[in-house]
Amino acid sequence: LEKAGVLENTYIVFASDHGFQMGQFCIPGDKREPYEHDIRIPLMVAGPGIGKNITLDQIVLNIDIAPTLINLMGQTPPEDMDGVSFVPLLQGKSPSQWRNDFLIDYHGEGVLPCGLSKCPPPPPATFHPTDAANNTYTCIRTLSSEENSIYCEFTMTGFAEYYDIAADPWQLKNSVKTVNSGLLQKHKARLQQLRQCSGPSCKTSF
């Protein structure tokens, strides 16, 4: 880019695939679980008008990248996009409203008759996807000045998990049975809303 003379007029976005567990919770290497080491990705942006060596605290998702690129090209992102442009954040502005939660959604891979990703399963010493049909879940990840948590519902089994990540950063204690019932109901309702939303209706919390 520098040799072509366009470096100062180019936006560079660096991201990656999701995280990779390497033995956490005694799970072999993979990335299909609703835990911090699986769901987070790095995201760096450089280009004209963007400050250097700045780290932002606001939640930005991979669904925001496309509307942001459209915005950087001087256009208005379509309303039916689930994500939003984070150009104001890149320009050092603080929007009066910004998301403080988001949906995590995964559909487990499983085939009959065993319900695992392969039947019969490969030998334990063989690397293979650690997945199954009942590993299908939706979660709401909340990150605000009042709460840092994740609430998940596993579709096929009815199993649920809640972690207060501020107090339990390694997600070792599932407190879904002891958390305040009002808070739990709020997360259940919000999770259902995010499951069903699309386009503008996904931005009602902004």
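As the structure is a prediction and not an experimental result, all values here were calculated from the model.

1. Section: helix α2 (residues 65-72)
Part 1 of the argument: Listed in full, the buried residues belonging to α2 are Ile65, Pro67, Thr68 and Ile70.
Part 2 of the argument: Packed against the buried residues of α2 are β2 (43-46) and α3 (87-90).
Part 3 of the argument: Positive phi appears at Gly74, one or two residues downstream of α2, with a value of about 85°.

2. Some points on the pattern of salt bridges
Pairs can form between side chains of opposite charge whenever their charged atoms are close.
Part 1 of the argument: Enumeration over the complete set of coordinates arrives at 7 salt bridges.
Part 2 of the argument: One salt bridge connects Glu109 with Arg32, and the closest N-O pair in it is separated by 3.0 Å. Of this pair, Glu109 sits in the loop between β3 (101-106) and β4 (137-143) while Arg32 sits in the loop between β1 (12-15) and α1 (36-39), and the two are 77 residues apart along the sequence.
Part 3 of the argument: Salt bridges sharing common partners tie together Glu36, Arg40 and Arg141.

3. Quick notes on the sheet that holds β4
Part 1 of the argument: Spatially, 4 strands are ordered β3-β4-β5-β6 in an open sheet, and the strand pairing comes out antiparallel. With partners counted over all chains shown, the strands left at the sheet margins are β3 and β6 (160-164), one partner each. The mean angle between the axes of side-by-side strands here comes to 15°, regardless of whether they run parallel or antiparallel.
Part 2 of the argument: Strand direction decides the pairing type here: strand β5 (residues 148-154) and β6, joined by 5 bridges, are antiparallel. What sits directly across from Ile150, in β6, is Tyr163.

4. A closer look at the state of the cysteines
Part 1 of the argument: Counted by the stated rule, this structure contains 2 disulfides.
Part 2 of the argument: For Cys139, the disulfide goes to Cys152, at an S-S distance of 2.2 Å. In this structure, the disulfide formed by Cys139 and Cys152 twists by about 110° around the S-S bond and is classed as right-handed. Taken together, the positions of Cys139 in strand β4 and Cys152 in strand β5 put the pair 13 residues apart, joining distant regions of the chain. The burial state of Cys139 is the same as that of Cys152; both residues are buried.
Part 3 of the argument: Covalently, Cys197 is tied to Cys202 through a disulfide, its sulfur atoms 2.1 Å apart. Looking along the S-S bond of the Cys197-Cys202 disulfide, the torsion reads about 100°, which is the right-handed sense. Both residues of the pair, Cys197 and Cys202, count as buried.

5. Observations regarding the nonpolar core
Part 1 of the argument: Core analysis: the biggest nonpolar cluster contains 14 residues, and Phe102, Ile104, Tyr137, Cys139, Ile150, Cys152 and Tyr163 have the highest contact counts within it.
Part 2 of the argument: Of all the secondary structure elements, the ones that give two or more residues to this core are β3, β4 and β5.
Part 3 of the argument: Within the second largest apolar cluster, 11 residues are counted, among which are Tyr151, Leu194, Cys197 and Cys202.

6. Describing the packing of aromatic side chains
Part 1 of the argument: Here the structure, examined in full by the defined rule, presents 4 aromatic pairs.
Part 2 of the argument: Ring centres 6.2 Å apart and planes at 75° place the aromatic pair Tyr35 and Tyr163 in the edge-to-face group. Remark: Tyr163 occurs in strand β6 and Tyr35 occurs in the loop between β1 and α1; sequence separation between them is 128 residues. Both residues of the pair, Tyr35 and Tyr163, count as buried.

7. A short note on the pairing of β4
Part 1 of the argument: Counted residue by residue, β4 has 6 buried out of 7 residues, so it is predominantly covered.
Part 2 of the argument: Relative to β5, β4 runs antiparallel, the two sharing 7 bridges. What sits directly across from Thr142, in β5, is Ser149.
Part 3 of the argument: Here β4 hands over to β5 after 4 residues, the two strands then running antiparallel side by side.

8. Regarding the side chain of Glu153
Part 1 of the argument: With respect to the helices, strands and loops of the structure, Glu153 is situated in strand β5.
Part 2 of the argument: Discounting chain neighbours no more than four positions away, the residues touching Glu153 are Thr136, Tyr137, Thr138, Phe159, Lys188, Leu191 and Arg195.

Parameters and conventions
- Residues numbered from 1 in each chain as written.
- Predicted model: local features only at pLDDT ≥ 70, side-chain atom pairs only at ≥ 80, totals over all residues.
- Heavy atoms only, no water.
- Buried < 20%, exposed > 50% of the residue type's maximum accessible area, 1.4 Å probe, protein only.
- Helix = DSSP H or I, 4+ residues; strand = E, 2+ residues; numbered from the N terminus.
- Contact = heavy atoms within 4.5 Å.
- Salt bridge = Lys/Arg side-chain N within 4 Å of Asp/Glu carboxyl O.
- Pairing = 2+ DSSP bridges.
- Axes fitted to C-alpha atoms, helices over the stretch in contact; angles between N-to-C directions.
- Disulfide = S-S within 2.5 Å.
- Core = buried A, V, L, I, M, F, W, Y, C linked by side-chain atoms within 4.5 Å.
- Phe/Tyr/Trp six-rings, centres within 6.5 Å; stacked < 30°, edge-to-face > 60°.

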